[in-house]
Amino acid sequence: MQEKIVQIEAQALSAINSAENLQKLEEVRIQYLGKSSEFTNILRSLGTLSPEQRPQVGALVNQTKQRLEQALNERRNSLVKAAQQQKISSEKIDITLPGKGIKRGKIHPLTQVMNEAKNIFICLGYEIAEGPDVELEYYNFDGLNIPPHHPSRDMWATFFIKDDVILRTHTSPVQIRVMEKRKPPLAIIVPGRVYRRDSDATHSPVFYQLEGFLVDKNITFGDLKGTLTEFLRQIFGRKRNVRFRPSFFPFTEPSAEVDVECVMCDGQGCRLCKGTGWLEILGSGMIDPNVFKGVKIDPEKFTGFAFGMGIERIAMLKYGIDNIRLFYENDLRFLEQF
Ligand code: FA5
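Under an unreviewed UniProt entry, the name given to the protein chain is Phenylalanine--tRNA ligase alpha subunit. As recorded by UniProt, the Subunit (unreviewed entry) comment attached to the protein chain reads in full: "Tetramer of two alpha and two beta subunits." Under Subcellular location (unreviewed entry), UniProt gives the following word-for-word description of the protein chain: "Cytoplasm".

The following block contains the structure:
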C-alpha cells in the first residue's frame, strides 16, 4: 500500500510539473485528488486495514495529499504569472511612436475677406451696425422706395416667411433702421448674411453682403467713386482694373454697379465671368431723396451715398475660385489652403 502511494505521488508530481496551462492543471488535480481518484479510493479503503497499519497509512496519505496540494498551488501560481507576463508583453504599447497631430483650425476664407473689408472701412472712419436676418417686408422694400407690387421687387428673388415677414434679400434694410433712429453725419457699414432664391456658379441662396453708407452735407458722387476705388485698390491691389457701370436701384439715384476685371482670365472672358471679362461685385449710388423723406432726413440739407457688395464674389476674385459652392461644402482640402 505504502509503495503504491509513493508511486502515485511521483506520477502526480510529474503530471503537475508538466501541465502547460491552468486547464490542464485542473485536469491533473481531478485525476489525482478528485472524488474518483485512486488516492480517494485508498482513503476509503483505510477501514479494511489492520488497526496497526491504519494510522501509518492514514498519516502517509495525509502528508502526500498536502505535498501534492502544495505542488498544485505552486504550479498554479507560476502558470498565472506566466499568463500575465505574456498578456503584458502582447499588449505592450510603443510610447515612442509619433502620435496623431491635432489639426489647427483656421479662419474661414469668407470670414477672412469680411474682416479685411470691414477693417478698410473702419480705418476710413466707418462704424458697424447690424440688423435682423428675418426682416419685415417694410424695411427690405417699402422703406427703400420699393412700393408693393412695384416691378423692381422682382430684382430680389425673395423667401417669404409670412405675408409681411421675409428673409432679408440684402443688407440695405439696415440703412432704414439706422436712419430712423440717428441723424447725420453717419458713416456706417453693415456686415451680414442675406438670402435669395438664386443658385449657380456665382450665386448662392445664402451669401454675405457688406453694406455701407455715408450721409452728411455736400456728399457727392465723387466721394462715392473715390471711397470705393480706394477700397477696391486695397483689396485687389493697385493694378487690377475696376469699372463703374450705370445701373438702377430704386433706393439710389444715380446708381452704378462696380465690376472688377476677372482674375481667372485677366479680362479675356471665361466661364466664371460668362465671357465678359468682368465680374460684378457691388451695387452703389446716391441715396434717393424719397428714402431720406421716409426717415425724416431733409434731402435739401443732406446727401449721401450707399453701396452693397457680395463677400463671396470678392473672395472668388481674390483667390481665383470659379465656383461659389466651394465656400459652403466644408471640404478641408479646400479650406486648408487659406
Ligand atoms: C443689392 O443687393 C443692393 N442692396 C446693393 C446696393 C446697396 C445698391 C446700396 C445701392 C446702394 P445686388 O442685388 O446687385 O444689389 O447685390 C449686390 C452684390 O451682392 C452683387 O454685386 C453680388 O456681388 C452679390 N450677390 C448678389 N446675389 C448673389 C448671390 N445669389 N450669391 C452671391 N452673391 C450675390
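So much for the structure itself; the text now carries on.
Participant: Explain the environment of Glu-135 to me, please; I cannot follow it from the model alone.
Facilitator: Considering the arrangement of structural elements, one finds Glu-135 in strand S2 (residues 134-136). Separated by 30 residues in sequence, Glu-135 and Val-165 have C-alpha atoms that sit 5.8 Å apart. When sequence neighbours within four positions are dropped, the list of residues in contact with Glu-135 reads Asn-140, Asp-164, Val-165, Ile-166, Arg-168, Pro-173 and Arg-177. Engagement of the side chain of Glu-135 in a polar contact is seen with the side chain of Arg-177, the distance being 2.6 Å.

Participant: What exactly am I supposed to notice about the layout of surface pockets here?
Facilitator: Where empty space is left in the structure can be found by rolling a water-sized probe over the atoms. Taken as a whole, the largest pocket holds about 720 Å³ of empty space. Around the largest pocket, the lining is made up of 40 residues, and of these Arg-196, Gln-209, Glu-257, Glu-280 and Arg-313 lie nearest the centre. Sorting elements by how many residues they give to the lining of the largest pocket places strand S9 (residues 278-287) first, with 8 residues. A breakdown of the residues in the lining of the largest pocket according to their chemical character gives 17 nonpolar, 15 polar and 8 charged.

Participant: Teacher, can you tell me more about the pattern of salt bridges here?
Facilitator: A side chain of one charge can pair with a side chain of the opposite charge if their charged atoms are brought near each other. Within this structure, the stated rule accounts for 17 salt bridges. Close ionic contact of Lys-24 with Glu-20 constitutes a salt bridge, the shortest N to O distance being 3.3 Å. A relative accessible area of 35% places Lys-24 in the partly exposed class. Salt bridges linked by common partners bring Arg-243, Arg-245, Glu-257 and Asp-259 together as one network.

Thresholds applied
- Residues numbered from 1 in each chain as written.
- Predicted model: local features only at pLDDT ≥ 70, side-chain atom pairs only at ≥ 80, totals over all residues.
- Heavy atoms only, no water.
- UniProt positions renumbered as here; feature names shortened; annotations may be inferred.
- Helix = DSSP H or I, 4+ residues; strand = E, 2+ residues; numbered from the N terminus.
- Contact = heavy atoms within 4.5 Å.
- Polar contact = N/O pair within 3.5 Å; in protein donor to acceptor, adjacent residues only side chain to side chain.
- 1 Å grid on protein atoms, 1.4 Å probe; cavity = no way out; pocket = protein on both sides within 12 Å on 5 of 7 lines; lining within 4 Å.
- Points joined across faces, edges and corners; volume = space filled by probe spheres on them.
- Nonpolar A, V, L, I, M, F, W, Y, C, P; charged D, E, K, R; others polar.
- Salt bridge = Lys/Arg side-chain N within 4 Å of Asp/Glu carboxyl O.
- Buried < 20%, exposed > 50% of the residue type's maximum accessible area, 1.4 Å probe, protein only.

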